[in-house]
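# Residue-level structural notes
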Amino acid sequence: MGDNRDMSRRWLFADQLGPHFLDDRRQPVLLIESKAVFRRRVHHRQKAHLLLSALRHRAAELGDQAVFLRAETYGQALKKVREPLEVCHPTSRRALDFVRGLDRVTVLPARGYVTSLADFAEWADQRRGALRMEAFYRFAREHHGVLLDSGDPAGDRWSLDVENREPPPKGGKLDVPAAPMPKEDDIDAEVRADLDRWEREGIRFAGRDGPRRFPATTKEAKARLRHFLRHRLAAFGPYEDAMLSTDPWLAHSMLSSSFNLGLLDPIEAVRGAERAYRREGAPLASVEGFVRQILGWRDYIWHTYWYFEAGWRTSNELSARRSLPAWWNDLDADAVDAHCLSDVLAGVRDRAWVHHIPRLMVLGNYALQRGWRPAELVEWFHTRFVDGYEWVMTGNVVGMSQYADLGRMTTKPYVGGGAYINRMSDYCGGCRYDPKKRLGEDACPFTAGYWAFLSLNRDRIPGNARMARTMKQMDRLADLDAVVAQEKRRGDDPP
Ligand SMILES: Cc1cc2nc3c(=O)[nH]c(=O)nc-3n(C[C@H](O)[C@H](O)[C@H](O)COP(=O)(O)OP(=O)(O)OC[C@H]3O[C@@H](n4cnc5c(N)ncnc54)[C@H](O)[C@@H]3O)c2cc1C
Ligand code: SF4
């Protein structure tokens, strides 16, 4: 262990809170809580709570080792610190420019992701044409030696995704133990009181307040990871894509906010999952599926944010120009009849979290069909979700969900009708719409919206074999013009 008198003070941003952001347990630390962050954007109340709670818990853990400053802006706080500082590469371009512009501050390589920025850039520079997550994931498995048997992928395939597409379990509940929920403490009570006061002062929040459901300390995050690996991982794989109105969590890990706050080192989750496979017989399809999410998807989204040009973030190649309606911005689930959308929007309102498929195939899909501006949607996902950060938005929202870059992340848009939602959820049975109908009073807004979207964007979406088949199918629809007119009338009203 080094002597902390020789160590520079490490400035930890509020998403760099775990021990892996320090070189030594005793290293001097600077933490800054900026109120301006909450004035600038309308955050979900539970997200604001988690961010503040995690930062203040870290300050309490570090005690005298940390200088903890509460200020309006980072700039104001920094005026109070005289000594040289070092900081790990921040997670947004804006923050990176800011720290690079400070002459007392040394910027260190990024932490909190499995593959380094330099290794990703070297891999990507050698590729010709479009980058694909699957190829990066294979590189990362080999590079970090994850789930390999003598150099080959465990189970002989790099991805076992086809085994992970079960519809929801019958009976409305998955038979797995619930994830451990954190216990709120005095710090949470203080955060809640501060947020109430800030609201009275005029700072606006979205969504409903509720118990803190996501870890605010490394200890809580590790406990959730351990429990997940032991009790929930096996069911994660098969039901990864399923949606249940009665069980929003299913077997998801609920760890994204812990990784993104920097509480949990992602390599620990990857190695832990591999151990569960090798030592405890966890099913390979589940283990590989979970590893792919973290070593593959999460890292890929992070790296493409930095590797692609800054302008990628504002792509809008489908010329989507409509503003998000107020009911969407306000998370007004009660205004919506469509059972799937109403339930998912209520999940965002009440928990600031829904899992991947509701984000992609309900929320993102609906916004794409309606032609809402990707930039507004980026802001919405960023601020309404407990795990939202700028770096995670570009790939997931602009690239994957809104196809606003015409396919740098995917070969075709993630747009779908009611048939997909019907297959993968229990929503349609209790809905006033019929997933099979595209025209009429009970036409499913997703099914009708799907055809209307394809019709309006047929010249913008690049042709490929998969799209060509769908377009041919569309050309055979005798009622297409009527469907387009119907969806135009529905417009941005809550469906
Ligand atoms: C439109 C849209 C918006 C999204 N916004 C966010 C976001 O703001 N923050 C965020 O962390 N994830 C985001 N995701 C990815 C994914 O939906 C969430 O990471 C996941 O639902 C979080 O729940 P979980 O921790 O239970 O994840 P699990 O299903 O248990 O997956 C395990 C982990 O894999 C990682 N992961 C999986 N897919 C992705 C991905 N595409 N991008 C980044 N990490 C991934 C997460 O860290 C997650 O904790 C978004 C996806 C879409 C389609
Ligand atoms: S019928 Fe359509 S709107 Fe209703 S739940 Fe199914 S997919 Fe959603």
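Rules behind the numbers
- Residues numbered from 1 in each chain as written.
- Chains lettered and ligands numbered in written order.
- Predicted model: local features only at pLDDT ≥ 70, side-chain atom pairs only at ≥ 80, totals over all residues.
- Heavy atoms only, no water.
- Domains from an automatic or database assignment.
- Contact = heavy atoms within 4.5 Å.
- Buried area = accessible area lost by both parts, 1.4 Å probe.
- Near = heavy atom within 4 Å.
- 1 Å grid on protein atoms, 1.4 Å probe; cavity = no way out; pocket = protein on both sides within 12 Å on 5 of 7 lines; lining within 4 Å.
- Sits in = over half its atoms within 2 Å of the grid points.
- Helix = DSSP H or I, 4+ residues; strand = E, 2+ residues; numbered from the N terminus.
- Nonpolar A, V, L, I, M, F, W, Y, C, P; charged D, E, K, R; others polar.
- Buried < 20%, exposed > 50% of the residue type's maximum accessible area, 1.4 Å probe, protein only.
- Pairing = 2+ DSSP bridges.
- Points joined across faces, edges and corners; volume = space filled by probe spheres on them.
- Polar contact = N/O pair within 3.5 Å; in protein donor to acceptor, adjacent residues only side chain to side chain.
- Areas by Shrake-Rupley, 256 points an atom, 1.4 Å probe, with all protein chains shown as cover.
- Right-handed = clockwise from strand over helix to strand, strands pointing away.
- Axes fitted to C-alpha atoms, helices over the stretch in contact; angles between N-to-C directions.

### Some thoughts on the domain arrangement of the chain
Each assigned domain of the chain is listed with its residue range as follows: domain 1 (9-108), domain 2 (117-307) and domain 3 (312-490). Placing the centre of domain 1 and that of domain 2 at their C-alpha centroids yields a distance of 24 Å. Between domain 1 and domain 2, the residue contacts involve 35 residues of the former and 39 residues of the latter. The junction of domain 1 with domain 2 conceals about 3200 Å² of combined surface from both sides, 61% of it contributed by carbon and sulfur atoms.

### Here's the deal with the site of ligand 2
Every residue lining ligand 2 is accounted for by Ala 338, Cys 340, Gly 418, Ile 421, Tyr 427, Cys 428, Cys 431, Tyr 433, Pro 435, Cys 444, Pro 445 and Phe 446. Judged by its atoms lying within 2 Å of the grid points, ligand 2 is housed in the largest cavity. For the shell around ligand 2, the secondary-structure elements that each account for two or more residues are α17 (418-424) and α18 (445-457). Grouping the amino acids of the shell around ligand 2 by side-chain chemistry returns 11 nonpolar, one polar and no charged.

### Section: the pairing of strand β1 (residues 9-12)
As a general feature of sheets, a regular strand has side chains that alternate between the two faces. What you see with β1 is no split at all: Arg 9 and Trp 11 on one side and Arg 10 and Leu 12 on the other are buried throughout. Pairing of β1 with strand β5 (residues 85-88) involves three bridges; the strand directions are parallel. Residue pairing across strands places Trp 11 opposite Val 87, the latter belonging to β5. Alignment of β1 against strand β2 (residues 29-34), held across three bridges, turns out to be parallel. Looking at β2, one finds that Trp 11 is bridged to Leu 30.

### A few points about the layout of surface pockets
Of the volumes computed, that of the second largest pocket is approximately 810 Å³. Forming the boundary of the second largest pocket are 29 residues, of which Val 37, Arg 40, Arg 41, Tyr 74 and Ser 92 lie nearest the centre. Counting only elements with at least two residues in the lining of the second largest pocket, the list comes to β2, α1 (36-40), α2 (45-62) and α4 (93-100). Here the lining of the second largest pocket is built from residues that sort into 14 nonpolar, seven polar and eight charged. Formed jointly, the lining of the second largest pocket draws a minimum of three residues from each of two domains, domain 1 (9-108) and domain 3 (312-490).

### Section: the site of ligand 1
Lining the immediate surroundings of ligand 1 are 26 residues, of which His 252, Ser 253, Met 254, Asn 260 and Asn 396 lie closest. Within the side chain of Trp 353, a nitrogen or oxygen atom sits 3.1 Å from an oxygen atom of ligand 1. Between a nitrogen atom of ligand 1 and a side-chain N or O atom of Asn 396, the distance comes to 2.8 Å. Bound to the protein, ligand 1 loses 99% of the 810 Å² it would expose on its own. At the level of elements, α9 (256-260), α11 (284-307), α14 (356-370) and α16 (390-401) are the ones that each hand at least two residues to the shell around ligand 1. A total of six residues in the shell around ligand 1 trace back to one element, the largest contributor, which is α11. Two domains each put at least three residues into the shell around ligand 1: domain 2 (117-307) and domain 3 (312-490).

### Describing the pairing of strand β6 (residues 105-108)
Two elements, β5 and β6, share four bridges in a ladder whose sense is parallel. By the bridge assignment, Leu 85 is partnered in β6 with Val 105. As for the winding sense of the linkage, the β-α-β connection from β5 through α4 to β6 is right-handed.

### As for the sheet that holds β1
Spatially, five strands are ordered β4-β2-β1-β5-β6 in an open sheet, and the strand pairing comes out parallel. Either end of the sheet is taken by a strand with one partner, and the two such strands are β4 (66-71) and β6. Neighbour-to-neighbour, the strand axes of the sheet open up by a mean angle of 30°, direction not taken into account. The strands touched by α2 within the sheet are β2 and β4, with β2 carrying the most contacts at an inclination of about 150°.

### Re empty space enclosed by the protein
Within this structure, the stated rule accounts for five cavities of 30 Å³ or more. By volume, the largest cavity is sized at about 90 Å³. Forming the walls of the largest cavity are Ala 338, Cys 340, Gly 418, Ile 421, Cys 428, Cys 431, Tyr 433, Asp 434, Pro 435, Cys 444, Pro 445 and Phe 446. In this structure, the second largest cavity encloses a volume near 50 Å³. Residue lining of the second largest cavity: Gln 46, His 49, Leu 50, Gly 210, Pro 211, Arg 212, Arg 213, Phe 214 and Val 386, and that is the complete set. Looking at the lining of the second largest cavity residue by residue, the class counts come to four nonpolar, three polar and two charged. Counting only domains with at least three residues in the lining of the second largest cavity, you end up with domain 1 (9-108) and domain 2 (117-307).

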